[in-house]
Amino acid sequence: MTMKDSARERDRDRGRSGSILHVDMDAFFASVEQIRRPEVRGLPVAVGGPGSRGVVASASYEARAYGVRSAMPSGRARQLCPELVFLPGDHRLYSEVSGRIMDILRSFTPLVEPLSVDEAFLDVSGAHRPPVEIGHRIRERVRNQEGIGCAVGVAAVKFLAKLGSKLAKPWPTPAGPSGGVGVFEVPVGEERAFLTPRPVGDIWGVGPATLGRLHRIGIATVGELAEFPLEQLEGVVGKAHARHLHSLANAVDPRPVVPETAAKSMSREETFARDLHTHEALGAELAVLSDSVAARLRGAGAAGRTVTVKVRFGDFRTITRSHTLAGSIDSGVALAREAKRLLEAVDVAPGVRLVGVEVSDLEDSGQRQLALDLAGDGAPAHSWHEVDRAVDRIREKFGSGIIRPAAAAATDTG
């Protein structure tokens, strides 16, 4: 075989591989916590609230071996695994790690579309290396630089790449993650053969309700869904949903990878173990949330003009209150001040289950004009600007939990 023939063969093989990758971190929040807390490595760990209203946000593979899953009530998780270690979430830290991981992905291609802090699509059609090789290199670099495992799906379309990453995952054991291929490819031209025997629940968009309807009309596999008359399917799940599911079942997914655009808003919210009934108690929580959102804004080089407070009562009734400021802010003090002002107009006596803070109408913080009356009582904006930067530097050096708002400290000791 000549060198030219060999090159043609490599190009032909590459053409059989899809150029869409889906990269998904393994138990992201829990993995980050196990890295920074050596004392819990190898133990069943859950990130979330341990109280009666708590929910598991992330579970380590050691915990998953006992049946613990994300979105599971914390009480149920405790029943399944009495020795489960609960850790509070640190979303500032997770965002920092996520940012570094996304930078790793962008080193392979500029076409990166984050879906959340721990997963993203990539389009590597312009890369010189085969997509599967790129998948293995991504896993190696993420592991070496961040100490976190990830799974990669490779296919011609988004839906199949995401399904591939799921199939590439390791399986949980009490000793941690085990096995898993790491990179799973659905070769071009073999999509229908791959999909036909798979359970219909693997289709993106088939939730419990839709799954029940499909089972009632005798559809259990993707192949059966692909062959089912579209007109009849529309009568079962609705016209738009039927067409979407039918297309995916036939491996048709025209959605491109859309690179990340600038964030339109940043927010944080907190669910309480017990309903809070006073503005004072809720104000302390707003101070903590505002500090976190403001730090994220500064980290992204952004500032915002519209402040929104979200309030969910004990009966799950939810309201929001918003105000657009004259100038943009990225200060926790200024944000907390405005959030508390919005909360004052809300009757909280019935009991508040959840409160949240959002900043929108974002702009580049270097281009904004900061109004002097937005900083806080008796302090000009530029003074809080310097304080915020000093706090950011201290947290960067000693950890995100080293400094907290004074309001939070007061409630901790009370």
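What you see is a predicted model, and the numbers here were worked out from it, not measured in a lab. Positions within a chain are numbered from 1, following the residues in the order the chain's sequence is written. For a predicted model such as this one, the threshold for reporting local features is a pLDDT of at least 70, and the threshold for listing and counting side-chain atom pairs is 80 or more; totals across whole chains, interfaces and linings nevertheless cover every residue. Excluded from the side-chain calculations are hydrogens and water; all other atoms, namely the structure's heavy atoms, are used.

Q: Please clarify how the overall build of the protein chain should be interpreted in this entry.
A: To qualify as a helix, a DSSP run of H or I must reach at least 4 residues; to qualify as a strand, a run of E must reach at least 2; elements of each kind are numbered from the N terminus. Counting its regular elements, the protein chain contains 16 helices and 14 strands. Exposure classes here rest on a 1.4 Å probe applied to the protein chains alone. A residue is buried below 20% of its type maximum, exposed above 50%, and partly exposed in between. The proportion of buried residues among the 414 residues of the protein chain is 44%. The contact rule is simple, with two residues in contact once any of their heavy atoms fall within 4.5 Å. Of the contacts made within the protein chain by residues no fewer than 6 positions apart, 68% connect residues no fewer than 24 positions apart. Accessible surface computed for the protein chain: about 20400 Å², of which carbon and sulfur atoms make up 53%. Here, Shrake-Rupley sampling with a 1.4 Å probe gives the accessible areas, and only protein chains in the shown set may cover a residue.

Q: Looking at this structure, how should I read helix α5 (residues 91-106)?
A: The span expected for a helix works out to 1.5 Å for each residue beyond the first. If you check α5, its first and last C-alpha atoms are 22 Å apart, about what 16 residues at 1.5 Å a residue would give, namely 22 Å. Listed in full, the buried residues belonging to α5 are R92, L93, Y94, V97, S98, I101, M102, I104 and L105.

Q: Would you take a moment to explain the sheet that holds strand β7 (residues 150-155) for this structure?
A: What links the strands of a sheet is backbone hydrogen bonding, and the strands pair in either a parallel or an antiparallel sense. Spatially, the five strands line up as an open sheet ordered β5-β6-β1-β7-β10, and their pairing is mixed. Edge strands, defined here as strands with exactly one partner in the open sheet, are β5 (112-116) and β10 (183-185). Taken pair by pair, the neighbouring strands of this sheet meet at an average axis angle of 15 degrees, ignoring direction. Relative to β10, β7 runs parallel, the two sharing three bridges. Directly across from V154, in β10, lies its bridge partner E185. Only when DSSP finds a minimum of two bridges between them are two strands counted as paired. Only C-alpha atoms enter the line fits that serve as axes; for helices the fit covers just the stretch in contact. Angles between N-to-C directions range over 0 to 180 degrees.

Q: I would appreciate a short explanation of the packing of aromatic side chains in the present structure.
A: Two descriptors summarise a pair of aromatic rings, namely the distance from one centre to the other and the angle between the planes of the rings. Between the rings of Phe, Tyr and Trp (Trp by its six-membered ring), a pair exists once the centres lie within 6.5 Å; its type follows the angle of the planes, with under 30 degrees stacked, over 60 edge-to-face, and the other angles tilted. Applying the stated criterion to the full structure yields five aromatic pairs. Where F28 meets F29, the ring centres are 5.9 Å apart and the plane angle is 50 degrees; that geometry is what we call tilted. Across the pair, exposure class does not vary: F28 and F29 are buried alike. Three or more aromatic residues joined by ring pairs make a cluster, and in this case those are F28, F29 and Y94. One cation-aromatic arrangement involves K162 over W204; the distance from NZ or CZ to the ring centre is 5.5 Å. Remark: a charge is flagged as sitting over a ring if the NZ atom of Lys or the CZ atom of Arg is within 6 Å of the ring centre and within 35 degrees of the ring normal.

Q: Just to check I follow, could you spell out the pairing of β7 for this structure?
A: Two faces make up the sheet, and in a regular strand the side chains alternate between them. Most of β7 sits out of view: six of its six residues are buried. On β7, burial covers both faces: C150, V152 and V154 on one face and A151, G153 and A155 on the other are all buried. Relative to β7, strand β1 (residues 20-25) runs antiparallel, the two sharing six bridges. Bridge pairing in β7 links L21 to V154.

Q: Please clarify how the packing of α5 against helix α6 (residues 131-146) should be interpreted in this entry.
A: When two helices pack together, their arrangement is given by the angle between the helix axes and by the axis-to-axis distance. Following both chains from N to C, one finds α5 and α6 inclined at 145 degrees, their axes separated by 10 Å at the closest point. The hand of the α5/α6 crossing is right-handed. For the pair α5 and α6, the contacting residues are V97, R100, I101, I104 and L105 in the first and I138, R141, V142, Q145 and E146 in the second. For this classification, the nonpolar set comprises Ala, Val, Leu, Ile, Met, Phe, Trp, Tyr, Cys and Pro, the charged set comprises Asp, Glu, Lys and Arg, and every other residue, Gly included, is treated as polar. Here the contact of α5 with α6 is built from residues that sort into six nonpolar, one polar and three charged. Here a crossing is called left-handed whenever its near helix is offset anticlockwise from the far helix by less than a right angle, and right-handed whenever the offset is clockwise.

Q: In this structure, what is going on with the nonpolar core? I would like to understand it.
A: As a rule of thumb, nonpolar side chains are buried together in soluble globular proteins. Buried residues of nine kinds, namely Ala, Val, Leu, Ile, Met, Phe, Trp, Tyr and Cys, make up a nonpolar core once their side-chain atoms join them within 4.5 Å. Core analysis: the largest hydrophobic core is formed by 28 residues, its most contacted members being L160, L195, I203, L214, I219, L225 and L233. Contacts of I203, omitting those with residues within four sequence positions, involve F159, V222, L225, L245, L248 and A249.

Q: What should I look at first to understand the pattern of salt bridges in this one?
A: Pairing is possible between side chains of opposite charge, provided their charged atoms come close. The term salt bridge refers to a side-chain nitrogen of Lys or Arg lying within 4 Å of a carboxyl oxygen of Asp or Glu. The tally for this structure, following the rule as stated, stands at 19 salt bridges. Notably, a salt bridge pairs D202 with R198, separated by 2.6 Å at the nearest N-O pair. Looking at D202, the relative accessible area reads 14%, which means it is buried. D253 is paired through a salt bridge with R255; the nearest N and O atoms lie 2.7 Å apart. For D253, a relative accessible area of 7% translates into the label buried. Note on R255: relative accessible area 35%, which makes it partly exposed.

Q: Before we go on, may I ask you to explain helix α2 (residues 28-36) in this structure?
A: Every α-helix carries 3.6 residues per turn, so stepping three or four residues along brings you back to the same face. The buried fraction of α2 amounts to seven of the nine residues, a majority that puts the element mostly inside the structure. Residues F28, F29, A30, S31, V32, E33 and Q34 constitute the buried set of α2. Tucked into the core, α2 has its buried residues touching β1, β2 (45-48), β3 (56-59), α3 (61-64), β4 (85-87) and α5.

Q: Any chance you could explain the pairing of β2 here in plain terms?
A: Neither face of β2 is open: one carries V45 and V47, the other A46 and G48, and all of them are buried. When β2 meets β4, the two strands line up parallel, connected through three bridges. Each residue of the ladder has a partner; that of A46, found in β4, is F86. Relative to β3, β2 runs antiparallel, the two being bridged by three bridges. Bridge pairing links G48 to V56 in β3.

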